[in-house]
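Single-letter residue listing:
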Amino acid sequence: MRYSALAILRQVLNGHRGWGPAWRDPEPQSDYDFIVIGGGGHGLATAYYLAKEHNAARVAVLEKGWIGGGNVGRNTTIIRANYLLDGNQPFYELSLKLWENLEQDLNYNAMVSQRGILNLCHTDAQRDAYRRRGNAMMFTGSGAELLDADGVRAMYPFLNFDDARYPILGGLLHRRGGTARHDGVAWGYARAADQRGVDIIQNCEVTGFRIENGKVKGVETTRGYIGAKKVGVAVAGSSGRVMAHAGLRLPIESHVLQAFVSEGLKPVLDGVITYGAGHFYISQSDKGGLVFGGDIDGYNTYAQRGNLPVVEDVVEGGMSLMPMIGRARLLRMWGGVMDMSMDGSPFIDHTGIDGLYFNGGWCYGGFKATPASGFCFAHLMATDRPHGVATAYRLDRFRTGRMIDERGAGAQPNLH
Ligand SMILES: Cc1cc2nc3c(=O)[nH]c(=O)nc-3n(C[C@H](O)[C@H](O)[C@H](O)COP(=O)(O)OP(=O)(O)OC[C@H]3O[C@@H](n4cnc5c(N)ncnc54)[C@H](O)[C@@H]3O)c2cc1C
C-alpha cells in the first residue's frame with residue numbers, strides 16, 4: 001500500500017481496519033546473494049540501496065533483536081553536514097542530500113526537519129576554527145553562516161549571555177541541518193526494502209562466519225546456517241564482537257552514550273544548539289520534550305546504560321548554557337553502545353576476506369550518516385569499488401598514516 005493523504009482518508013472511513021504490516025516476517029532462505037548483518041539504520045539502508053540502485057534481488061538483513069532496537073532508535077536525532085576535512089565533508093553532504101529527498105523516496109514520514117543547527121563559540125580561537133569549517137562547508141554546497149553574539153541573541157535570547165563563565169561570542173549556523181525521527185528512519189527503510197523484496201529477519205543473531213580458502217561462504221546464526229555470496233557487517237556498537245567471529249581485530253572501542261528527554265514543554269527551541277564551552281547539545285522534539293546529550297562514558301562497555309557522573313556533567317552543561325532548563329523535569333534517559341574509532345571517523349571497506357565487507361566506527365555521529373552510509377556500502381558490496389565520497393574510510397588508514405581526525409584529538413576514542 002502507498003501511504004498518502006487519500007490512503008489515510010480511506011482508512012478513516014474504514015475504521016482503520018485495512019492497514020497491513022509494514023514489512024513481512026519471512027523465514028530465512030538457505031542462501032542469498034547478499035546478507036547484511038545488523039537491522040539498524042545503516043544495515044537497512046544498505047539493503048534498500050542494494051535492491052534499488054543495484055537491482056540486487058536476493059538480499060537479507062539479519063537482526064539479532066528487533067528493527068529499531070539499537071542505536072538508530074536511541075540517538076538524539078541530529079542530522080547535519082558540517083565537517084571540515086576532505087575525507088568527511090563530501091560524504092556528509094551526500095547524506096544530507098539523500099535526507100532531503102528521503103521521505104518521498106521511501107514513501108514514509110520520517111519527520112525530517114531542517115530546523116538548523118547552531119554551534120556556539122566562546123573564544124576567538126574557536127570562532128576562527130568555525131570560520132574555517134564554514135568555508136569547507138560552503139565548498140561542498142552545505143551552506144554556513146557565521147553569527148556574532150547579537151545574531152545568536154536574536155535567535156535564542158534565553159541563552160546565558162550576561163552571566164556566563166564562557167561568554168557566547170557567536171556561532172556557526174548550518175541551516176540545512178536539523179533532526180529526523182530516529183526509529184521512523186529504520187521503519188521507513190525496512191518497509192521500502194521489504195517492498196523491493198529484501199527479507200528482513202529479526203531475532204536472528206549471527207554467531208559465526210563460514211570462511212573457506214579466504215572466501216566467505218555464509219553465516220552461522222541462531223536460526224541455522226545461511227549461505228551468501230557476499231556478507232556486509234553493519235552492527236555499530238557490536239562491531240568488535242561480530243568481526244572477532246571472522247578473526248579480525250578492529251581499531252574500535254565500544255563506549256556507552258546517554259540521551260535525555262525532559263517532560264513535554266511548550267515550544268521554546270526551534271532549532272538544534274551545541275554548546276562550545278562544554279559538551280552539550282539540545283533540541284526540542286515535536287512532542288515538546290527537550291532532547292539533549294553530552295559526553296560518552298569514558299570506560300569501555302557493551303552495556304546500554306550509563307553512569308551518574310556523566311549525567312551530572314551533561315546537566316551542568318545544560319545549566320550553564322540555558323539556566324532555565326533547571327526548571328524542567330527529566331522524563332527519561334537511556335544509553336546506546338557506540339563504536340568509537342581511533343580518529344573519530346568511520347569505515348566502509350573490504351576486510352581482506354573475499355566477500356566480507358565492514359561498515360562501522362560511526363562513533364556518536366552515525367545517525368546523520370545513515371543514508372550515505374547505506375548508499376556507499378551498497379555500492380562497495382555490489383561493485384567491489386568504494387563510492388567516490390567514501391574512498392578515505394579504509395581500515396588500513398592507521399597503518400598508512402591517512403587518519404581523518406576532525407578533532408585533532410589523536411587516538412583517544414573518548415575525546416572524539
Ligand atoms: C544516545 C545516543 C545519541 C546519539 N545521537 C546522535 C545524533 O544526534 N546524531 C547522529 O548522527 N548520531 C547519533 N548517535 C549515533 C548513531 O545513533 C549511531 O552512530 C548509528 O545509529 C549507528 O548505526 P545503526 O543505526 O546501524 O546502529 P544500530 O541501530 O545499533 O544497528 C546495529 C544493529 O546490529 C544488531 N546486531 C548486533 N550484533 C548482531 C549480530 N551478531 N547478529 C545480528 N545483528 C546484530 C543490533 O541488534 C542492532 O540492531 C547517537 C547514539 C546514541 C546511543
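For clarity, every value in this text was computed on a predicted model and none was experimentally measured. (Residues numbered from 1 in each chain as written. Predicted model: local features only at pLDDT ≥ 70, side-chain atom pairs only at ≥ 80, totals over all residues. Heavy atoms only, no water.)

Caption draft 1: View of the nonpolar core. Core analysis: the biggest nonpolar cluster contains 53 residues, and Tyr49, Phe91, Trp99, Tyr189 and Ile348 have the highest contact counts within it. Those elements giving two or more residues to this core turn out to be strand S1 (31-37), helix H2 (41-54), strand S2 (59-62), helix H3 (89-100), helix H4 (102-106), helix H7 (182-195) and helix H10 (370-383). Leave out the neighbours within four places in its chain, and Tyr49 touches His54, Leu98, Leu102, Asp105, Tyr189, Pro371, Gly374, Phe375 and Ala378. Residues Ala228, Val231, Val235 and Phe347 belong to the second largest nonpolar core, which totals 25 residues. (Core = buried A, V, L, I, M, F, W, Y, C linked by side-chain atoms within 4.5 Å. Buried < 20%, exposed > 50% of the residue type's maximum accessible area, 1.4 Å probe, protein only. Helix = DSSP H or I, 4+ residues; strand = E, 2+ residues; numbered from the N terminus. Contact = heavy atoms within 4.5 Å.)

Caption draft 2: Expanded view of helix H5 (residues 124-139). Over its 16 residues, H5 runs 23 Å from end to end, which matches the ideal 22 Å to within 8%, given 1.5 Å per residue. Every buried residue of H5 is listed here: Gln126, Tyr130, Gly134, Ala136 and Met137. One side of H5 carries all its buried residues, which in axial view fall inside an arc of 160°. Of the exposed residues in H5, the ones pointing more than 90 degrees away from its buried face are Ala125, Arg132 and Phe139. Those residues of H5 that are buried are in contact with H3, strand S4 (117-121), strand S5 (145-148) and strand S6 (170-174). Gly141 sits one or two positions beyond H5 and adopts a positive phi of about 80°. (Expected span 1.5 Å × (residues − 1). Arc of directions from axis to C-beta.)

Caption draft 3: Spatial organisation of the pattern of salt bridges. Taken as a whole and assessed by the stated rule, the structure comprises 22 salt bridges. The closest approach of N and O atoms between Asp33 and Lys229, which form a salt bridge, is 2.9 Å. Note that Asp33 is positioned in strand S1 and Lys229 in strand S11 (residues 224-233), a separation of 196 residues in sequence. Its relative accessible area of 53% is what places Lys229 among the exposed residues. Between Glu145 and Arg175 there is a salt bridge; the shortest N-O distance is 2.7 Å. Here the residue Glu145 occupies a position in strand S5, and Arg175 occupies one in the loop between S6 and strand S7 (178-179), the gap between them amounting to 30 residues. Connected through salt bridges with shared partners, the residues Asp31, Asp33, Arg58 and Lys229 form a single ionic network. (Salt bridge = Lys/Arg side-chain N within 4 Å of Asp/Glu carboxyl O.)

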